[in-house]
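The chain contents come next:
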Amino acid sequence: MRESRPGDSEVGLVEEIRAGGDTYDVAVIGYGPTGVTAANLLGAMGLRTVVVDRDAEIFSRARAVSTDEEVMRIWQRAGLAERLKQDMLTERPVDFVDAHGRPFLSAHPTPRGHGHPPQMFIYQPALEQVLRGGVDRYPNVKVLLRHECLRLRQDADGVDLTVVGTADDSVHRLRASYAIAADGGSSLIRAQLNIGYEGKTYEDRWVVIDTKMLKPWPDHDKLRFHCDPARPAVDCPTPLGHHRWEFPILPGDDEEQLTTEEAVYRLVARYGISRDSVEVLRATVYSHHVRFATRFRMDRVFLAGDAAHAMPPWIGQGMAAGVRDVANLCWKLDAVLRGELPETVLDSYEAERKPHVKEVTKRAVFVGRIITERRLPVACVRNGALRALDRIPGFGDWMQDSNWIPVARYHAGLQAPSRTRATGRQVPQPWVTGPDGTRVRLDDALGGRWLLLHARTATPQPAWNLPGVPSLTATPVGSRPAEGTLVDSDGVLLPWMTEHGASTLALRPDAYVYAAAPEGAPLPPPPRGFTPSTTSRPTASTAR
């Protein structure tokens, strides 16, 4: 591993920095899921990166419990998706149940075409271990654990970081062209920049209980929201033999006493869980927040993850939002640092991410209201209405799909004026057959670069006839593989382009549509100042 540990390896790393290797393209402050994803993406791009985190080890408490297909698509870009999925539970049903345990709404997550299961349950410490192992592939990424960034200053050309070793109080100075603050909801960097963190913290606090499953019980593999007005509960399967429970702390409860082992077993006993069923690993009290940084960018410093926003946990999107943040940001930093795009393009980070994360948060609050309704008459109406609607085939799946996570689409930011409904959307990711006859996921064929994608036949696009912007043509199922083509093996890509009125797409490196044109029409021109590189870039599989 490239993690810094107390001892000779950490001392050697610091000495290397003192000796002159102290200038980086990007500094990442924080090494949770957001920061470690950024380190993987930046490492794969070949950027010289330093990561700073005050803790020596992975945080042992499992906070996030699920992720989704879009996030897995991002981790696919980092070359880690298949390994991560080995430690996940996929496609488990979701039940909302009343005080007597009777379902009034059930759903199975609906795939949205990103090439992975729509919902996966995780055990966060194990997930972070795999992601940190992924960073170990990249000699261009340095990780300084047990170090804290106490001061950050910017000038016109870069960012100076004063970093203190928490083990020995040593002080070091690093410099980077840009910095990503992924240092959590209590971000020191956000505070130093005097950026507000507006919103609210909910009165109700919750005790979160992580357990090791000793003996399975009926429906142990379902996500169940116990919508009991007396005391709601979350009953969540997690992989690798773990199970999660969450209960609100009610008026009159002794918060400290409620986290004792005896009290925890009393809480879960209501659902038939005994000491024979689970071993309590830890019980921790959390507050739920709805907060947004007043800005996501301050010159050369960018806030990401909980440093930029916080949401309630009801739809499992807190961690996912941070991963989406850095997926949006990292390729733009790479393009600016390589001179492919002007620095002003970095303003599109907030323009694209903030509206999306606000919408996700609004939906999390909505689902939370369904789960935590404490007024008995209202809960009775809720149960009856949703139980009646749930009898309509597909209603539960539709409600989850339409109300939980917004479709991947940007309405502003780095995109051309819209001429079709495809602009600003992320293309689906089916399996395709490449020119050599190999079947691959679409993103692996696209290669994380700017690219023109044509439907069936190529339409000349003089404005995009630039070195470094390759062109591929999607051909129908059953077509013979050929140079410059991708066979739409699953029959998904071409119908999607037709549905959205697009015959030609100009795709960004993150597979979002920068520009689209109907059949026979020219594309809008490339971004102003766009000078694509003609040199090949490392990828997650080659930058080792």
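Predicted model only: the values in this text are computed from it and were never measured. (Residues numbered from 1 in each chain as written. Predicted model: local features only at pLDDT ≥ 70, side-chain atom pairs only at ≥ 80, totals over all residues. Heavy atoms only, no water.)

Just give me the short version of the overall build of the chain, but keep the residues and values in it.
Each helix and strand in the chain was counted, giving 14 helices and 26 strands. The C-alpha atoms of the chain give a radius of gyration of 24 Å, which matches the 24 Å a tight globule of 544 residues would have. Based on the C-alpha atoms only, the size of the chain along its principal axes is roughly 70 × 65 × 40 Å. Counting every position in the chain, which comprises 544 residues, the buried fraction comes to 57%. If you take every contact in the chain between residues at least 6 apart in sequence, the share linking residues at least 24 apart comes to 71%. When the accessible surface of the chain is split by element, carbon and sulfur atoms take 51% of a total near 22100 Å². (Helix = DSSP H or I, 4+ residues; strand = E, 2+ residues; numbered from the N terminus. Rg over C-alpha atoms; globule rule 2.2 N^0.38 Å. Buried < 20%, exposed > 50% of the residue type's maximum accessible area, 1.4 Å probe, protein only. Contact = heavy atoms within 4.5 Å. Areas by Shrake-Rupley, 256 points an atom, 1.4 Å probe, with all protein chains shown as cover.)

Break down the packing of aromatic side chains for me, with residues and values.
Throughout the structure, instances matching the rule amount to 17 aromatic pairs. Between W331 and W450, the ring centres sit 6.1 Å apart and the planes meet at 75 degrees, which makes this aromatic pair edge-to-face. Taken together, the residues span a long stretch of sequence, with W331 in helix α9 (residues 318-337) and W450 in the loop between α13 (442-446) and β22 (451-455) at a distance of 119 residues. For W450, a relative accessible area of 4% puts it in the buried group. Residues W450 and Y514 carry aromatic rings whose centres are separated by 5.6 Å and whose planes lie at 75 degrees to one another, so their mutual orientation is edge-to-face. (Phe/Tyr/Trp six-rings, centres within 6.5 Å; stacked < 30°, edge-to-face > 60°.)

Quick one: what's the story with the sheet that holds strand β4 (residues 89-90), residue by residue and with numbers?
On the basis of which strands lie adjacent, the open sheet formed by 3 strands has the order β3-β7-β4 and antiparallel pairing. Two strands bound the open sheet, and with one partner strand each, they are β3 (66-68) and β4. Taken together, the 2 bridges between β4 and strand β7 (residues 119-121) define a ladder with antiparallel strand orientation. Looking at β7, one finds that T90 is bridged to M120. Across the sheet, helix α3 (residues 69-77) lies against β3 and β7, angled at about 80 degrees from β3, the strand it touches most. (Pairing = 2+ DSSP bridges. Axes fitted to C-alpha atoms, helices over the stretch in contact; angles between N-to-C directions.)

Mind laying out empty space enclosed by the protein, listing which residues take part and the relevant values?
On inspection of all chains with the given rule, the structure shows 5 cavities of 30 Å³ or more. In this structure, the second largest cavity encloses a volume near 140 Å³. If you trace the second largest cavity, you find 13 residues lining it, with I74, R324, Y410, Q426 and Y512 closest to the centre. Among the secondary structure elements, those contributing two or more residues to the lining of the second largest cavity are α3, α9 and α10 (348-372). The element that contributes the greatest number of residues to the lining of the second largest cavity is α3, accounting for 4 residues. A per-class count over the lining of the second largest cavity returns 4 nonpolar, 3 polar and 6 charged. (1 Å grid on protein atoms, 1.4 Å probe; cavity = no way out; pocket = protein on both sides within 12 Å on 5 of 7 lines; lining within 4 Å. Points joined across faces, edges and corners; volume = space filled by probe spheres on them. Nonpolar A, V, L, I, M, F, W, Y, C, P; charged D, E, K, R; others polar.)

Hey, could you go over the nonpolar core for me, with residue numbers and the actual values?
If you look at the biggest cluster of nonpolar residues, it comprises 120 residues, and the most contacted ones within it are W75, F96, L152, I180, F225 and W464. Among the elements that line this core, the one with the most residues is α9, at 12 residues. Look past the residues within four positions of I180 in its chain and what remains in contact with it is V26, A27, V28, I29, A38, L42, F302, A304, V326, L329, C330 and L333. (Core = buried A, V, L, I, M, F, W, Y, C linked by side-chain atoms within 4.5 Å.)

Could you give an account of the sheet that holds strand β5 (residues 94-97), naming the residues involved and the relevant values?
If you walk across this open sheet you meet the 8 strands as β6-β5-β13-β14-β15-β12-β16-β19, and the pairing is mixed. The sheet terminates laterally at β6 (103-107) and β19 (309-310), the two strands that pair on one side only. Across 3 bridges, strand β13 (residues 223-226) lies against strand β14 (residues 233-238) in antiparallel orientation. If you follow R224 over to β14, its bridge partner there is D235.

Explain the pattern of salt bridges to me, and be specific about the residues and the numbers.
Any two side chains of opposite charge can pair, given that their charged atoms come close. Applying the stated criterion to the full structure yields 36 salt bridges. Linking R205 and E255 is a salt bridge whose minimum nitrogen-to-oxygen distance equals 2.9 Å. Of this pair, R205 sits in strand β12 (residues 197-213) while E255 sits in helix α7 (residues 255-258), and the two are 50 residues apart along the sequence. Residue classification places R205 among the partly exposed residues on the basis of a relative accessible area of 31%. For E255, a relative accessible area of 31% corresponds to the partly exposed category. Here R353 makes a salt bridge to D325, at a shortest N to O gap of 2.7 Å. Note that R353 is positioned in helix α10 and D325 in helix α9, a separation of 28 residues in sequence. Residue class for R353 comes out buried when judged on its relative accessible area of 1%. It is possible to trace a salt-bridge network through shared partners that takes in D95, D219, K222 and R224. (Salt bridge = Lys/Arg side-chain N within 4 Å of Asp/Glu carboxyl O.)

Could you give me a rundown of helix α8 (residues 261-269), with the residues and numbers involved?
Among the residues of α8, those classed as buried are A263, V264, Y265, L267 and V268. The inward-facing, buried residues of α8 abut β12, β15 (242-248), α7 and β16 (278-293).

Could you give an account of unusual backbone geometry, with specific residues and numbers?
The phi dihedral of D169 is positive, around 60 degrees, even though this residue is not glycine. Along the chain, D169 turns up in the loop between β10 (159-165) and β11 (171-181). One non-glycine residue, L240, lies in positive phi territory at about 60 degrees. Within the secondary structure, L240 sits in the loop between β14 and β15.

Tell me about the pairing of strand β23 (residues 471-475), and name the residues and values.
Regular strands show a simple pattern: their side chains alternate between the two faces of the sheet. Of all the 5 residues making up β23, 4 are buried; the element is thus mostly covered by neighbouring parts of the structure. Alignment of β22 against β23, held across 4 bridges, turns out to be parallel. Each bridged residue has a counterpart across the sheet, and for L453 the counterpart in β23 is L472. For β23 and strand β24 (residues 485-487), the ladder comprises 3 bridges, and the chain directions are parallel. The residue of β24 that forms the bridge with T473 is T485.

Please set out the packing of helix α2 (residues 33-44) against helix α5 (residues 124-135) residue by residue, giving values where relevant.
Where α2 meets α5, the axes come as close as 9 Å, and the angle between the chain directions of the two elements is 25 degrees. Looking at the two axes, α2 sits roughly parallel to α5. The handedness of the crossing between α2 and α5 is left-handed. Contacts from P33, V36, T37, A39 and N40 of α2 reach α5 at Q124, E128, L131, R132, G134 and V135. Split by residue class, the contact of α2 with α5 holds 5 nonpolar, 4 polar and 2 charged. (Parallel < 35°, antiparallel > 145°, perpendicular 65-115°, else oblique. Left-handed = near helix turned anticlockwise from the far one by under 90°.)

A description of the packing of α2 against α9 should follow, citing residues and the corresponding values.
In contact at an axis separation of 8 Å, α2 and α9 are set at 30 degrees when each is read in the N-to-C sense. Between α2 and α9, the crossing angle belongs to the class labelled roughly parallel. The element α2 and its partner α9 pack so that their crossing is right-handed. Residues P33, T34, T37, A38, L41 and L42 of α2 lie in contact with α9, whose contacting residues are M319, G322, V323, V326, A327 and C330.

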